[in-house]
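# Chains, contacts and geometry: an overview
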Amino acid sequence: MGIGVNTTDPLAASVHGTNPQNLVEKITRLKIYSSLYWKEYCFGLTAEALVDRAMDLKYFGGTYGGMNKPSKFMCLVLKMLQLQPEKEIVIEFIKNEDFKYVRILGAFYLRLVGKPVDIYKYLELLYNDFRKVRHRTNAGWEVIRMDEFIDQLLTSDYA
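### Section: the sheet that holds strand β5 (residues 140-145)
Strand order in the open sheet formed by three strands is β1-β4-β5, with mixed pairing between adjacent strands. Strands with a single pairing partner mark the edges of an open sheet, and in this sheet they are β1 (60-61) and β5. Lying over the sheet, helix α8 (residues 146-155) contacts β1, β4 (132-137) and β5, oriented at roughly 95 degrees with respect to β5.

### Focus: the pairing of β4
Bridge count for β1 against β4 is two bridges, and the pairing is parallel. If you follow F60 over to β4, its bridge partner there is H135. Examined bridge by bridge, β4 and β5 share six bridges and lie antiparallel to one another. Considered in β5, the bridge of V133 is made with I144. Linking β4 back to β5 in an antiparallel pair, the connection comprises two residues.

### Considering unusual backbone geometry
Residues other than glycine seldom take positive phi values, yet N68 does so here, at roughly 50 degrees. Considering the arrangement of structural elements, one finds N68 in the loop between β2 (63-64) and β3 (69-70). Residue Q84 is not a glycine yet carries a positive backbone phi of 45 degrees. Within the fold, Q84 resides in the loop between α4 (72-83) and α5 (87-95).

### Observations concerning the packing of aromatic side chains
For the structure on display, the rule yields six aromatic pairs. An angle of 40 degrees between the planes, with centres 5.2 Å apart, marks the rings of Y37 and Y41 as tilted. Here Y37 pairs with Y41, and both are found in helix α2 (residues 36-42), just four residues apart, close to one helical turn. The structure contains a cluster of three or more aromatic residues connected by ring pairs, namely F60, F73, F108 and F149. Here the guanidinium or amino end of R136 rests over the ring plane of Y59, the centre of that ring lying 5.7 Å away. One cation-aromatic arrangement involves R136 over Y64; the distance from NZ or CZ to the ring centre is 3.6 Å.

### Thoughts on the side chain of R29
Of note, R29 is situated in helix α1 (residues 26-33). Sequence-distant contacts of R29, that is, excluding residues within four places in its chain, are made with Q21, N22, V24 and L78.

### Looking at the nonpolar core
By size, the foremost hydrophobic cluster in this structure holds 41 residues, and its most contacted members are F60, L76, I94, I104, L105, L123 and I150. For this core, the secondary-structure elements that each account for two or more residues are α1, α2, α3 (47-55), α4, α5, α6 (100-113), α7 (116-123) and α8. A total of eight residues in this core trace back to one element, the largest contributor, which is α4. If near-sequence neighbours (up to four positions away) are discounted, F60 is found in contact with F73, Y101, I104, V133, R134, H135, R136, I144 and F149.

### Remarks on the packing of α6 against α7
The angle between the axes and the distance between the axes are what describe a pair of packed helices. Put simply, α6 and α7 touch, their axes get as near as 8 Å, and they point 160 degrees apart. Here α6 is positioned roughly antiparallel relative to α7, judged by the angle of their axes. As for the relative orientation of α6 and α7, their crossing is left-handed in sense. For the pair α6 and α7, contact is made by A107, L110 and R111 and by D118, I119, Y122 and L123, respectively. Counted by class, the contact of α6 with α7 contains five nonpolar, no polar and two charged residues.

Conventions adopted
Residues numbered from 1 in each chain as written. Predicted model: local features only at pLDDT ≥ 70, side-chain atom pairs only at ≥ 80, totals over all residues. Heavy atoms only, no water. Pairing = 2+ DSSP bridges. Helix = DSSP H or I, 4+ residues; strand = E, 2+ residues; numbered from the N terminus. Contact = heavy atoms within 4.5 Å. Axes fitted to C-alpha atoms, helices over the stretch in contact; angles between N-to-C directions. Phe/Tyr/Trp six-rings, centres within 6.5 Å; stacked < 30°, edge-to-face > 60°. Lys NZ or Arg CZ within 6 Å of the ring centre and 35° of its normal. Core = buried A, V, L, I, M, F, W, Y, C linked by side-chain atoms within 4.5 Å. Buried < 20%, exposed > 50% of the residue type's maximum accessible area, 1.4 Å probe, protein only. Parallel < 35°, antiparallel > 145°, perpendicular 65-115°, else oblique. Left-handed = near helix turned anticlockwise from the far one by under 90°. Nonpolar A, V, L, I, M, F, W, Y, C, P; charged D, E, K, R; others polar.

Geometric values such as these leave the question of function open.
As structure tokens, then:
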């Protein structure tokens, strides 16, 4: 059974000493909570159903446009932070070779909540994935390769 719209699973452990949802900035969280996608597709979403939503992703990114509208990708990241799927599920996301945005979602989530040893163990393998992916930014669209995204996850500070 899924949990409420804006609450963290009561059985969820704290991540880095805080509620997992606090890893997403408050203003971004509030925009996600008020987004139509969140209300329509993330309400009561379970870890199993999350995979189906992730398979529908056509791009990744944070917020976009003049109003900084949250992307579907960010909505699903926040939902994962609420649900805290088991590590094995996240690893299966990362190992998924058929749906590149499922892989990106798993990698991003692992980077947020994982231990450094696990982050490097699972994400360094993705340096061999050279598929092009669409990244939606405030400035518009860009196409990058999966290995570039993984390099940003492993080496860049939050910007």
